[in-house]
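Read off the chains here:
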Amino acid sequence: MATLASIPVPRFSWSLEGFFLLGLVGLLTIAASIFLFSRKSFDSQLPPGPTAWPIIGNLHQLGPKNPHHILWEMSKKYGPVMRLWLGSHPLVVVSSAQAAAEFVKVQDKAWGGRPPSIAGEIFSYNYRNVVWAPYGNYWRHVRKICSLELLTPKRLETFRAPRAEELSQMIKTMFQDGEKGEAVNLQVKLGHLSSNNITRMLLNKRFFDAGTAGEEDSHRFTELIFEVFSISLTLLIGDFIPWLKWVTTVSGFKARIKKAKGGLDSFLQTFLEIKKSKLLQHQIHEKPQASETNEEEHADEQQQFDQSAEEDFVGVLMAQPSEDGTGRLAEDSVKAVIQDLLLAGTDTSALTVEWGLAELLRNPIVMKKLQTELDTVVGKDRIVMETDLPNLPYLQAVTKEVFRLHPTTPLGIPHESMETTTVLGFKFPTKTRLFLNLYAIQRDPMMWEWPLEFDPERFVKNPEIDVRGKHLQLMPFGTGRRMCPGMPLAVVFVQMGLARLAHSFDFTLPGGEDPLKLDMTETFGLSTPRVHPLHVHPKPRLPKHLYL
Ligand code: HEM
């Protein structure tokens, strides 16, 4: 079976049209210096920032290194509120917790928009999803469904058993690989684990490790997701310079996006059709004789939807009312939200666990302390369960420290101002883009002692600081209206992943490599993977029957 491991991880890149156009744009630069003058009228009211080129602004300065590193370095010169230009759009980059509070706490609503994008518009059925939906009634509606119907503690509890089963399956295959003396590629293992977890919730199917989906479907799923990721990572010149939008069409890239969207759409539609046919069968077999009133009919239908909803998120979503309350949520909205959860929820969580284990290997004293806590609270004659988590304070401290040093969306998801706003004395026009540089904020020496050290003790001393958006010096999930609704699921996934790995195994690196020399280089993408996936040799610490 083709797996994500057999395909190279997509990287952040300009499309070919972008390279071609950058050359063209270079030639146009002098002629277009008029743009400089028009920008100047804004610039005097905006915060300080590096000199912007005509037309492309500062786009050329955001590579080839990781943009969050580059912007962090720049902020040391220009300050925690810094201005750049992304083509024709002003961008404000915020690099301190205090400044972030002014934007996403005090003026949260004004900055609640999302910038539009060519690929985003196509993939999201014209912004029918949550992530890219503009701030407004529709976004509020689907966001509420996410928070109050899908990712609720109660709903997540119903998926506790499948989550435990998936984790045990991963530990088992690691045990078997270990017995054969094979090194385990943790990026792949955790990627499959996270993907199976999410797709079992969303679609009631698992696609990896002897998945229930069948080889053909697994292959198709992998290819589709890879293509969507690759496209999403391609910077399109038309997203930054609107009058060059036509290039995306002429270069053929728009056709590629539409093809990928078509594939994903028909893949997801299959799941909606299964659900509809189940519902129909249910109606044929169970429906009593004609209901007396429309109201009764509606209540009856509602109940049937509710029953089918218990199975997976597709069912739950199909049972939700439309935005205006006159019918059901449109099928495009169902697919757009499912797509969101699939893309936002898989890599982010898996990569956090991988970074966490790498830090534990480089810090054997922390690993020892964590294993001692696990052995004391859980013991060595059973496996860790989610109900143990509240009794594992050191694990919680370790997890927070991993989220602090390795936010997998280091620049968050861009916000956009919906009106002209004044913040900290600077005036920002409508449609100014906002990046919260979470990477810089969470390493800010003004907020953290020894900020570059992996030291969970800081959270042992200050356990009240958490990742739930109240303490802006630690906000890997963002904060405010647009904060990540998947946070409860992600926190459990990361805590359980680290707990089960540390409890089940001791680890060595292939070739006897010294863990202190482990390469911790990261690369920017939709999330932030290690450049070199972590490979380990696991050595069991528990009785054999707990693995099989
Ligand atoms: C370690 C794991 C994760 C991290 C670090 C993370 C981080 C983030 C961040 C920083 C944002 C942007 C917040 C903002 O705009 O201010 C976000 C948004 C979002 N996340 Fe997550 N996330 C994770 C896991 C998940 C999971 C598991 C799901 C769902 C299954 C999810 C679904 C979403 C959605 C739907 C949004 C868009 C919210 C909106 O625009 O209203 N995320 N996430």
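Residues numbered from 1 in each chain as written. Predicted model: local features only at pLDDT ≥ 70, side-chain atom pairs only at ≥ 80, totals over all residues. Heavy atoms only, no water.

In the nomenclature of an unreviewed UniProt entry, the protein chain is known as Cytochrome P450 of Sphagnum troendelagicum.

A. Representation of the overall build of the protein chain. When helices and strands are tallied, the protein chain shows 22 helices and eleven strands. A burial count over the protein chain gives 56% of its 548 residues as buried. Counted over contacts in the protein chain with a minimum sequence separation of 6, partners at least 24 positions apart contribute 74%. (Helix = DSSP H or I, 4+ residues; strand = E, 2+ residues; numbered from the N terminus. Buried < 20%, exposed > 50% of the residue type's maximum accessible area, 1.4 Å probe, protein only. Contact = heavy atoms within 4.5 Å.)

B. The arrangement of the pattern of salt bridges in detail. All told, the structure shown has 28 salt bridges when counted by the stated rule. One salt bridge in this structure joins Glu-166 and Arg-206, with 2.6 Å as the shortest N-O distance. With a gap of 40 residues between them, Glu-166 in helix 8 (residues 160-179) and Arg-206 in the loop between helix 9 (186-203) and helix 10 (215-232) connect regions that are remote in the sequence. The buried category is assigned to Glu-166, whose relative accessible area is 3%. (Salt bridge = Lys/Arg side-chain N within 4 Å of Asp/Glu carboxyl O.)

C. Looking closely at the coordination of the iron atom of the ligand. From the protein, the iron atom of the ligand takes a single donor atom, Cys-484 (SG), 2.3 Å away. Along the chain, Cys-484 turns up in the loop between helix 21 (457-461) and helix 22 (487-504). (Donors = N, O, S within 2.8 Å, 3.2 Å for Na, K, Ca; no water.)

D. Just the pairing of strand 9 (residues 433-436), in detail. Here strand 9 shows no split at all, with Arg-433 and Phe-435 on one side and Leu-434 and Leu-436 on the other all buried. Note: strand 6 (residues 415-416) against strand 9, two bridges, orientation antiparallel. Considered in strand 9, the bridge of Glu-416 is made with Arg-433. (Pairing = 2+ DSSP bridges.)

E. Geometry of empty space enclosed by the protein. Going through the model one piece at a time under the given rule, you end up with one cavity of 30 Å³ or more. Here the largest cavity defines a volume of roughly 70 Å³. Arg-163, Ala-164, Leu-167, Leu-193, Asn-197, Glu-386, Val-492, Phe-493 and Met-496 together form the lining of the largest cavity. For the lining of the largest cavity, the secondary structure elements donating two or more residues are helix 8, helix 9 and helix 22. (1 Å grid on protein atoms, 1.4 Å probe; cavity = no way out; pocket = protein on both sides within 12 Å on 5 of 7 lines; lining within 4 Å. Points joined across faces, edges and corners; volume = space filled by probe spheres on them.)

F. View of the site of the ligand. Close contacts around the ligand come from 26 residues, with Arg-114, Arg-143, His-415, Arg-482 and Cys-484 the closest. Contact between the ligand and Trp-139: an oxygen atom at 3.0 Å from a side-chain N or O atom of the residue. Separating an oxygen atom of the ligand from a side-chain N or O atom of His-415 is a distance of 2.9 Å. Elements represented by at least two residues in the shell around the ligand include exactly helix 6 (137-150), helix 16 (331-345) and helix 17 (347-362). Grouping the constituent residues of the shell around the ligand by class yields 13 nonpolar, ten polar and three charged. (Near = heavy atom within 4 Å. Polar contact = N/O pair within 3.5 Å; in protein donor to acceptor, adjacent residues only side chain to side chain. Nonpolar A, V, L, I, M, F, W, Y, C, P; charged D, E, K, R; others polar.)

G. Main features of unusual backbone geometry. At Asn-204, a residue that is not glycine, the phi angle is positive and equals roughly 60°. The partly exposed category is assigned to Asn-204, whose relative accessible area is 44%. Its identity is not glycine, yet Lys-431 carries a phi of approximately 70°, on the positive side. Tracing the backbone shows Lys-431 in the loop between strand 8 (426-428) and strand 9.

H. How the structure looks around the pairing of strand 10 (residues 505-508). Side-chain alternation along strand 10 places Phe-505 and Phe-507 on a buried face and Asp-506 and Thr-508 on a face that remains uncovered. Direction of pairing for strand 10 relative to strand 11 (residues 535-540): antiparallel, over a ladder of four bridges. Directly across from Phe-505, in strand 11, lies its bridge partner Pro-540.

I. Examining the sheet that holds strand 9 more closely. Overall, mixed pairing links the four strands, which are arranged 2-3-9-6 in an open sheet. Because the sheet does not close on itself, it has two edges, and the strands there are strand 2 (81-86) and strand 6. Relative to strand 9, strand 3 (residues 89-94) is paired through four bridges, and the arrangement is parallel. Paired with Leu-91 across the bridge in strand 9 is Arg-433. Strand contacts of helix 3 (residues 67-78): strand 2, strand 3 and strand 9, with the helix running at about 125° to strand 2, the strand carrying the most contacts. (Axes fitted to C-alpha atoms, helices over the stretch in contact; angles between N-to-C directions.)

J. Seen up close, the side chain of Asn-129. Checked against the element boundaries, Asn-129 lands in the loop between helix 5 (118-123) and helix 6. By relative accessible area, Asn-129 is classed as buried at 3%. Here Trp-132 takes part through its backbone nitrogen, which lies 3.4 Å from a polar atom of the side chain of Asn-129. For Asn-129, the side chain forms a polar contact with the side chain of Asp-340, separated by 2.9 Å. Sequence-distant contacts of Asn-129, that is, excluding residues within four places in its chain, are made with Ser-124, Tyr-138, Val-142, Ala-336 and Asp-340.

K. Spotlight on the sheet that holds strand 11. Read from one edge of the open sheet, three strands run 4-11-10, paired in antiparallel fashion. Unpaired on one side and paired on the other, strand 4 (184-185) and strand 10 mark the two borders of the sheet. Contacting strand 10 and strand 11, helix 22 runs over the sheet at an angle of about 85° to strand 10.

L. Broad picture of the nonpolar core. Core analysis: the largest hydrophobic core is formed by 59 residues, its most contacted members being Leu-357, Phe-507 and Leu-534. If you list the elements that add at least two residues to this core, you get helix 8, helix 9, helix 17, helix 18 (364-377), helix 19 (393-405), helix 22 and strand 10. Top element by residues in this core is helix 22. It accounts for ten residues. Not counting the four nearest positions on each side in its chain, Phe-507 is found in contact with Met-174, Leu-357, Leu-361, Met-367, Leu-501, Val-536, His-537 and Pro-538. Tyr-138, Leu-264, Phe-267 and Leu-489 belong to the second largest nonpolar core, which has 49 residues in total. (Core = buried A, V, L, I, M, F, W, Y, C linked by side-chain atoms within 4.5 Å.)

M. Geometry of helix 19. Here helix 19 contains 13 residues, and its C-alpha end-to-end distance of 19 Å stays within 8% of the 18 Å for a straight helix at 1.5 Å per residue. In terms of residue burial, helix 19 counts as a mostly covered element, since eleven of its 13 residues are buried. Within the span of helix 19, buried status applies to Tyr-394, Leu-395, Ala-397, Val-398, Thr-399, Lys-400, Glu-401, Val-402, Phe-403, Arg-404 and Leu-405. Where helix 19 is buried, its residues contact helix 17, helix 18, helix 20 (438-441), helix 21 and helix 22. (Expected span 1.5 Å × (residues − 1).)

N. How the structure looks around the packing of aromatic side chains. Using the criterion set out here, one finds 16 aromatic pairs in the structure. The interplanar angle of 65° and the centroid separation of 5.6 Å between the aromatic rings of Phe-103 and Phe-428 together place this pair among those described as edge-to-face. Of this pair, Phe-103 sits in helix 4 (residues 97-106) while Phe-428 sits in strand 8, and the two are 325 residues apart along the sequence. For the residue pair Phe-103 and Phe-428, the accessibility class agrees, reading buried in each case. Their ring planes at 35° and their centres at 5.7 Å tell us that Phe-221 and Phe-267 sit as a pair that is tilted. Of this pair, Phe-221 sits in helix 10 while Phe-267 is found in helix 13 (residues 253-286), placing the two residues 46 residues apart along the sequence. (Phe/Tyr/Trp six-rings, centres within 6.5 Å; stacked < 30°, edge-to-face > 60°.)

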